[in-house]
Amino acid sequence: MATELCQYCGVDLDEVPPAQETGWLYGVECSRCPADRRRSLVLPRRERATELTCPGCGARLAPAEQHPDVLVVKQVTYEICSACGETCGVAAIRKVRDVSGGTM
């Protein structure tokens, strides 16, 4: 558990254990964005994605886990506060893909 108290509502997480929810993070650097606007993006998703859309230029990135512009794919297990419903920690991270060279 990341902390003893929920950072949002202050409930004691030892007394009211958080629930767990699995989500996905995709680290993207879109090569089709203009060079002056290109940046690294982290796109969270509730479900595993088969394709992504670049929020900067609208380019379709598919298949998501093999596309050269998708540098990182991680499955994340979040801790969700049972009292307020906010994400209050991360219980586990599983790397599916990481070709970022440690930049993401």
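Residues numbered from 1 in each chain as written. Predicted model: local features only at pLDDT ≥ 70, side-chain atom pairs only at ≥ 80, totals over all residues. Heavy atoms only, no water.

**Student:** What am I meant to see in the pairing of strand 6 (residues 87–98) here?
**Tutor:** If a strand is regular, its side chains alternate between the two faces of the sheet. Both strand 5 (residues 70–80) and strand 6 contribute to a ladder of nine bridges, which runs antiparallel. Pairing of isoleucine 80 across the sheet is with threonine 87, part of strand 6. What sits between the antiparallel neighbours strand 5 and strand 6 is a turn of six residues, in which glycine 85 has the positive phi angle 85°. (Pairing = 2+ DSSP bridges. Helix = DSSP H or I, 4+ residues; strand = E, 2+ residues; numbered from the N terminus.)

**Student:** Would you take a moment to explain the pattern of salt bridges for this structure?
**Tutor:** Charged atoms that come close allow side chains of opposite charge to pair. A full pass over the atoms with the stated rule returns four salt bridges. Glutamate 51 serves as the salt-bridge partner of arginine 60, at 2.9 Å between the closest nitrogen and oxygen. (Salt bridge = Lys/Arg side-chain N within 4 Å of Asp/Glu carboxyl O.)

**Student:** Can you walk me through the state of the cysteines in this structure?
**Tutor:** Covalent bonding between the sulfur atoms of two cysteines is what defines a disulfide. Counting across every chain of the model gives zero disulfides. With no disulfide of its own, cysteine 30 lies closest to cysteine 57 among cysteine sulfurs, the gap being 3.7 Å. Accessibility expressed as a relative area gives 2% for cysteine 30, which makes it buried. Among the cysteines around cysteine 81, which has no disulfide bond, cysteine 84 carries the closest sulfur, lying 3.8 Å off. Classification of cysteine 81 as buried rests on a relative accessible area of 2%. (Disulfide = S-S within 2.5 Å. Buried < 20%, exposed > 50% of the residue type's maximum accessible area, 1.4 Å probe, protein only.)

**Student:** I keep staring at the environment of alanine 91 and nothing clicks. Help me out?
**Tutor:** Counting through the fold element by element, alanine 91 comes out in strand 6. The partly exposed category is assigned to alanine 91, whose relative accessible area is 40%. The spatial distance from the C-alpha of alanine 91 to the C-alpha of glutamate 79 is 6.1 Å, given a sequence separation of twelve residues. For alanine 91, the residues in contact, after removing those within four places along its chain, are Gln20, Thr77 and Glu79. (Contact = heavy atoms within 4.5 Å.)

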